[in-house]
Amino acid sequence: MYWLIGEGTQNHAQYPLANAQYPLPTSNSQKKMQFAQRLQPLQSNVFADMDIAKAAALAAGRDLIDLSLGSSDLPTENHVIDAIAQSLHDPSTHGYLLFHGTQAFRQAAATWYEQKFGISVNPETEVLPLIGSQEGTAHLPLAILNPGDYALLLDPGYPSHVGGVYLASGQIYTMPLLAENHFLPVFADIPDEIVAKSKMMVLSYPHNPTTAIATLAFFEEAVRFCQKHNIVLVHDFPYVDLIFEGKGVPSILQADREKSISIEFFTLSKSYNMGGFRIGYAIGNAELIRALRQVKAAVDFNQYKGILNGAIAALTGSQTGVDAGVNIFRQRRDTFIAALHHIGWEVPTPPATMYVWAKLPAPWTHNSVDFCTKLVKETGVAVSPGSGFGKSGEGYVRFALVHNPSILEIAVERIAEFLH
Ligand SMILES: Cc1ncc(COP(=O)(O)O)c(C=O)c1O
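Rules used in this analysis
- Each chain carries its own residue numbering, running from 1 in the written order of its sequence.
- In view of the model being predicted, local features appear only for residues whose pLDDT reaches at least 70, and side-chain atom pairs are presented and counted only at 80 or more, with totals across whole chains, interfaces and linings using the full set of residues.
- Excluded from the side-chain calculation are hydrogens and water; included are all heavy atoms of the structure.
- For the purposes of this description, domain bounds are those given by an automatic or database domain assignment.
- Between two residues, a contact is recorded if the distance between any of their heavy atoms is within 4.5 Å.
- For any pair of parts, buried area is found by adding up, for both, the accessible area (1.4 Å probe) each one loses once the two are put together.
- When a carboxyl oxygen of Asp or Glu is within 4 Å of a side-chain nitrogen of Lys or Arg, the pair counts as a salt bridge.
- Pairs of N or O atoms within 3.5 Å make up the polar contacts considered here, provided that, within protein, one atom can donate a hydrogen while the other can accept it, and that residues adjacent in sequence are counted only when both atoms are side-chain atoms.
- Working definition: helices are DSSP H or I runs of at least four residues, strands are E runs of at least two. Numbering for both runs from the N terminus.
- Basically, the charged four are Asp, Glu, Lys and Arg, the nonpolar ten are Ala, Val, Leu, Ile, Met, Phe, Trp, Tyr, Cys and Pro, and anything else, Gly included, counts as polar.
- Whether two strands pair comes down to DSSP finding at least two bridges between them.
- Here an axis means a line fitted to C-alpha atoms, over the contact stretch when the element is a helix, while the angle between two N-to-C directions is reported on a 0 to 180 degree scale.
- Nearness here has a simple test: a residue counts as near a molecule or strand if at least one of its heavy atoms is within 4 Å of that partner.
- To be clear on the numbers: accessible area is Shrake-Rupley with a 1.4 Å probe, and residue cover counts the displayed protein chains and nothing else.
- Distance thresholds for patches are 9 Å for like charges and 5 Å for nonpolar side chains (Val, Leu, Ile, Met, Phe, Trp, Tyr), applied to residues having over 30% relative accessible area and no salt bridge.
- The criterion is simple. A nonpolar core is a set of buried Ala, Val, Leu, Ile, Met, Phe, Trp, Tyr and Cys residues joined through side-chain atoms within 4.5 Å.
- Using a 1.4 Å probe on the protein chains alone, a residue whose accessible area is under 20% of its type maximum counts as buried, one over 50% counts as exposed, and one in between counts as partly exposed.
- Confidence scores labelled pLDDT are given residue by residue by the predictor and lie between 0 and 100.
- Angle categories: roughly parallel below 35 degrees, roughly antiparallel above 145, roughly perpendicular from 65 to 115, and oblique for all the rest.
- Take the far helix as the reference: if the near one is turned anticlockwise from it by less than a right angle, the crossing is left-handed, and if turned clockwise, right-handed.

1. Focus: the domain arrangement of the protein chain
- According to the domain assignment, the protein chain contains domain 1 (41–75 + 320–419) and domain 2 (78–316).
- The gap between the C-alpha centroids of domain 1 and domain 2 is 26 Å.
- Tallying the contact residues gives 26 residues for domain 1 and 27 residues for domain 2.
- Across the interface of domain 1 and domain 2, roughly 2,300 Å² is buried in total on both sides, 64% from carbon and sulfur atoms.
- Glu245 is the partner of Arg333 in a salt bridge, and the nearest nitrogen-oxygen pair spans 3.3 Å.
- Along the contact surface separating domain 1 from domain 2 lie twelve residue pairs in polar contact (both at pLDDT 80 or more).
- The set of elements that each furnish at least two residues to the side of domain 1 that touches domain 2 consists of α10 (320–342), β9 (355–359) and β12 (396–400).
- Here the element with the most residues in the side of domain 1 that touches domain 2 is α10; it accounts for five residues.
- Residue composition of the side of domain 1 that touches domain 2, grouped by class: 16 nonpolar, six polar and four charged.

Below, the structure is given as structure tokens:
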């Protein structure tokens, strides 16, 4: 059994019960220390296995090309850095920032959202700054679930969605994402008894790792389903700008204009290459925002004000850098897909995100971990095994396009040698 922490999910359709007995490993020299059972599902980690394989490849003198992590290699723009640097010299930014961040940040996020999606947002009650969107999606279950309540999650999906439910002692029902359904969940397939015990559903489109996008009609169906069954609808939306064709993708709030049950999570990590700065925000139903703020008030004091000032500069300044980033990732995508096709690996062209989701050829169709560990050991090319993102990800690998086209082409040459 494999579990991912950081990037990925468990590979079980239905996860262990919160009250199961799990012995935790102890070393001989240690007294047996007792930890909470909720930690148990977070123990094993496919990425840890990959890290070991990457270290072994480096030790063997391989030249590592790491396509396994979705962390942008592009720099943060200068006007954003300048705003943060100025703040550093301003002592008024050095203290705690209480409650829900600065009014200026909340207003910048609300205005950005209104301009993009045409729905007005109250910056006082409907916006909450986060220390990265992962922090928000992982904390939200603490505000929604009682022990044993179900969360409906995508499989494959993003790990903080899983981790947050376990930390809240909730249970997980995974909705399989299959190629024949365009990697969208089928709500009618969820058993009635699970629906009755479900308190939240998490969607995320454009989707990591499958790169699928969702239509407004799909979101409307999700809203109707969740309204009918009294389920909170969460939409994790980090790839809002990383779209390669068309006019953009819908926000969940366009399907729930009253903000009756929905909350959406945004990040500056992808659009503005600010992953290391840890800044994101939630927009949505005022009661959900207040509940998440209550959880956060117990565990953190907000992101540093200087970084909020950098985020304001990013959200309100020129957006040409965002467009330039999209063009760079489109060019990488085109180069990489052409190179894979050239070596006979037919993969679909992703419509969005910074990833390529590729079905493995024989004999690897049922062992993505084996493929990835052997590939990195023998060639130095590191990619993520699909099973690390959930049971339905088995038989796939995810490439993160975080290098220039020339490096991506070298990676594909090495993959070709490995496959043949
Ligand atoms: C679906 C999804 N949510 C959240 C995140 C993390 O965002 P942040 O850096 O804001 O925590 C990622 C990063 O890869 C992601 O793919």
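2. Points about the sheet that holds β12
- If you walk across this open sheet you meet the three strands as β9-β12-β11, and the pairing is antiparallel. Whereas interior strands pair on both sides, the edge strands pair on one side only; in this sheet they are β9 and β11 (384–385).
- Direction of pairing for β9 relative to β12: antiparallel, over a ladder of five bridges. By the bridge assignment for β12, Lys359 is matched with Tyr396.

3. Points about the sheet that holds strand β8 (residues 280–284)
- Spatially, β2-β8-β7-β6-β5-β3-β4 is the arrangement adopted by the seven strands of the open sheet, whose pairing is mixed. Single-partner strands in this sheet number two, and they are β2 (127–130) and β4 (171–176). Strand after strand, the sheet turns through a mean of 20° between neighbouring axes, direction not considered.
- Sheet topology places strand β5 (residues 198–203) next to strand β6 (residues 232–236); four bridges connect them, and they run parallel. What sits directly across from Val202, in β6, is Val234.
- Contacts between helix α4 (residues 133–144) and the sheet are confined to β2, β5, β6, β7 (262–267) and β8, with β7 contributing the most and set at about 155° to the helix.
- Sheet contacts for helix α8 (residues 286–299): β2, β6, β7 and β8; angle to β2, the most-contacted strand, approximately 30°.

4. A word on the site of the ligand
- Not every one of the 15 residues close to the ligand is listed here, only the nearest: Asp236, Tyr239, Thr267, Ser269 and Arg278.
- Interatomic distance of 2.7 Å between a side-chain N/O atom of Tyr239 and an oxygen atom of the ligand.
- Note that an oxygen atom of the ligand is positioned 2.5 Å from one of the side-chain N or O atoms of Thr267.
- Here the ligand has 400 Å² of accessible area as a free molecule, and 95% of this is covered by the chains.
- Among the residues making up the shell around the ligand, the classes are represented as four nonpolar, seven polar and four charged.

5. With respect to a nonpolar patch on the surface
- On the surface, Met33, Phe35, Leu39 and Leu167 cluster together into a nonpolar patch covering about 370 Å² of accessible area.
- Along the chain, Met33 falls in the segment before α1 (46–59).

6. Some thoughts on the nonpolar core
- Judged by nonpolar contacts, the single largest core of 65 residues is most densely connected at Met201, Leu203 and Tyr205.
- The element best represented in this core is helix α3 (residues 103–117), accounting for seven residues.
- Mapped onto the domain boundaries, this core takes at least three residues apiece from domain 1 (41–75 + 320–419) and domain 2 (78–316).
- Not counting chain neighbours up to four residues away, the residues in contact with Met201 comprise Leu152, Met175, Phe187, Phe225, Cys226, Ile231, Val232, Leu233 and Val234.
- Counting residues in each nonpolar core, the second largest holds 42 residues, with Met50, Leu375, Val412 and Ala416 among its members.

7. Things to note about the confidence of the model for the protein chain
- With 92% of its residues at a pLDDT of 70 or more, the protein chain shows a mean pLDDT of 92.
- Considering only residues more than four positions removed or in separate chains, one finds that residues 1–22, a stretch of pLDDT under 50, has 87 contacts.

8. Concerning the environment of Val402
- With respect to the helices, strands and loops of the structure, Val402 is situated in the loop between β12 and α12 (405–419).
- Each C-alpha atom, one on Val402 and one on Ser87, is 30 Å from the other, the two residues being 315 residues apart in sequence.

9. Some words on the packing of α3 against helix α9 (residues 305–316)
- Contact pair α3 / α9: the axes reach a minimum separation of 9 Å and the direction vectors enclose 25°. Comparing the axis directions of α3 and α9 gives the class roughly parallel. By crossing handedness, the relation of α3 to α9 is classed as left-handed. Between α3, through Ala104, Phe105, Ala108, Ala109 and Trp112, and α9, the contact on the second element is made entirely by Leu308, Ala311, Ile312, Leu315 and Thr316.
- A per-class count over the contact of α3 with α9 returns nine nonpolar, one polar and no charged.

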